[in-house]
Amino acid sequence: MMDAMVCEQYGPVKNLKHRQLTKPTPGPGEIRVRVSAVGVNFPDALLVQGLYQVKPELPFIPGIECAGTVDAVGERVSDFSPGDRVAAMSPRFGTYAAAVTVPASHAYPLPPTLEFAQAGALLCAHGTAYHALVQRGALQTGETLLVTGAAGGTGLAAVQIGHALGARVIAACSTQEKMDTARQHGADVAINTSEDDIREAVKSLTGGAGADVIFDPVGGTLAGSLSRSLGWNGRWLIIGFADGEIPQLPLNLPLVKGYSVVGVFWGSFCENEPAQAQANHQQLFNMAAVGTVQPRLHAVMPLTQAANALETIQQRLVQGKIVLEP
Ligand SMILES: NC(=O)c1ccc[n+]([C@@H]2O[C@H](COP(=O)([O-])OP(=O)(O)OC[C@H]3O[C@@H](n4cnc5c(N)ncnc54)[C@H](OP(=O)(O)O)[C@@H]3O)[C@@H](O)[C@H]2O)c1
């Protein structure tokens, strides 16, 4: 048997139930991971409320990423053996548990220097940011990258990766504390979205040219300013709508200003381009092994506190990531 947090009906995150369930058995091509750390993500909260793009059949265990130790392998698995330390993403959810089965192709051996807590929080946020900036945004050394929600999960990952790729990073956050966090993680400069006009701030920071790339996981009311903050050949990466509102864009703006609006969906990317996704994730683990990127752990909580973790995200309080430990 194993501990698991279970969504038995769609609704508020506090409805998640702690249950004892039978451990899953790995099928052909799968491994079972004894979970040591679970990365908590904003989409997990959408999923249990029934507000996500997909609605799993009830009951289900949420969670899309984890790190731990392989404790069983299915047929036709040759890359992993029991005892291996891995990080994994789970395309069918299920990581809010003491054990989960995942396709072996979705697991990555851990560098010895990387702890479970860090590794379990790396794949979703950093995977999204890396795919967004490298494949979708083609961010170049020396370009200016504007990141909204820059102290959040995906935002802080984009700050770290943008900095590592040699961009000049402008962080946009709602509090001084979050601005300080973004600067500590590689932002060159930070804007306070509660006080400053983003458009004016970006204009003045770029000598009137505008940003080359915007990484935007927030959407909502900021979008009006963002739509006027890009330079010629700019790329506006649409990551998510943490604000809750999906903004509308007058299409004359990308036309007149010569910028592109580029959608980013890490989950679909992993399904549609598995080889490229694996290469990205391997690169991220290489970067994490030498400290070039490192998830900031806002808190580490017991698995049974999953609802508290999700509420902290909903309350806009998280800087970096929360990790759950079964
Ligand atoms: N496209 C993809 O593949 C992909 C992958 C992962 C996540 N996402 C999406 O990206 C969005 C952000 O995810 P995340 O992991 O970065 O979340 P997060 O860690 O909670 O950060 C989101 C940030 O958005 C800002 N925000 C503004 N209004 C908010 C509100 N009402 N509630 C919460 N935050 C608010 C906050 O920054 P300030 O306080 O500084 O404004 C917060 O730090 C979500 O919509 C998520 O579903 C998309």
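Residues numbered from 1 in each chain as written. Predicted model: local features only at pLDDT ≥ 70, side-chain atom pairs only at ≥ 80, totals over all residues.

J.: Teacher, can you tell me more about the site of the ligand here?
T.: Inspection of the region around the ligand gives 32 residues, with Gly-149, Gly-152, Gly-153, Gly-240 and Ala-242 positioned closest. Listing elements by their share of the shell around the ligand, those giving two or more residues are α1 (42-49), α3 (123-136), α4 (153-164) and α9 (266-272). Among the residues making up the shell around the ligand, the classes are represented as 17 nonpolar, twelve polar and three charged. Counting contributing residues, the shell around the ligand receives three or more from each of domain 1 (2-122 + 295-325) and domain 2 (125-267). (Near = placed C-beta within 6 Å. Helix = DSSP H or I, 4+ residues; strand = E, 2+ residues; numbered from the N terminus. Nonpolar A, V, L, I, M, F, W, Y, C, P; charged D, E, K, R; others polar. Domains from an automatic or database assignment.)

J.: Help me understand α4, please; the structure alone is not making it clear to me.
T.: In an α-helix there are 3.6 residues to a turn, and that puts residues three or four apart on one side. Between its first and last C-alpha, α4 extends 17 Å over twelve residues, near the 16 Å set by a 1.5 Å rise per residue. Along α4, ten of the twelve residues are buried, which leaves the element largely enclosed by surrounding structure. Along α4, the residues that are buried comprise Gly-153, Thr-154, Gly-155, Leu-156, Ala-157, Ala-158, Val-159, Gln-160, Ile-161 and Gly-162. Two residues or fewer after α4 comes Gly-166, characterised by a positive phi angle close to 90°. (Expected span 1.5 Å × (residues − 1). Buried ≥ 20, exposed ≤ 12 C-beta atoms within 10 Å, placed from the backbone.)

J.: Would you take a moment to explain the nonpolar core for this structure?
T.: As a rule of thumb, soluble globular proteins bury nonpolar side chains together. By size, the foremost hydrophobic cluster in this structure holds 103 residues, and its most contacted members are Ala-171 and Phe-215. Here this core gets seven residues from one element, more than from any other, and that element is α3. Both of domain 1 (2-122 + 295-325) and domain 2 (125-267) provide at least three residues apiece to this core. (Core = buried A, V, L, I, M, F, W, Y, C linked by C-beta atoms within 7 Å.)

J.: Quick question: what am I supposed to make of the domain arrangement of the protein chain here?
T.: Interfaces are often sized by the amount of accessible area the parts lose when they come together. Once the domains are mapped, the protein chain shows domain 1 (2-122 + 295-325) and domain 2 (125-267). Contacts between the two partners involve nine residues from domain 1 and, on the opposite side, ten residues from domain 2. (Contact = placed C-beta atoms within 7 Å.)

J.: What exactly am I supposed to notice about the sheet that holds strand β8 (residues 144-148) here?
T.: Paired through backbone hydrogen bonds, the strands of a sheet run either parallel or antiparallel to each other. One open sheet accounts for six strands, arranged β10-β9-β8-β11-β12-β13; its pairing is parallel. At either margin of the open sheet sits one strand with a lone partner, and together these are β10 (189-192) and β13 (260-263). Pairs of neighbouring strands in the sheet enclose a mean axial angle of 20°, with direction left out of account. Taken together, the five bridges between β8 and strand β9 (residues 168-173) define a ladder with parallel strand orientation. What sits directly across from Leu-145, in β9, is Val-169. Relative to strand β11 (residues 211-216), α3 is tilted by about 150°, and along the sheet it contacts β11, β12 (230-238) and β13. (Pairing = 2+ DSSP bridges. Axes fitted to C-alpha atoms, helices over the stretch in contact; angles between N-to-C directions.)

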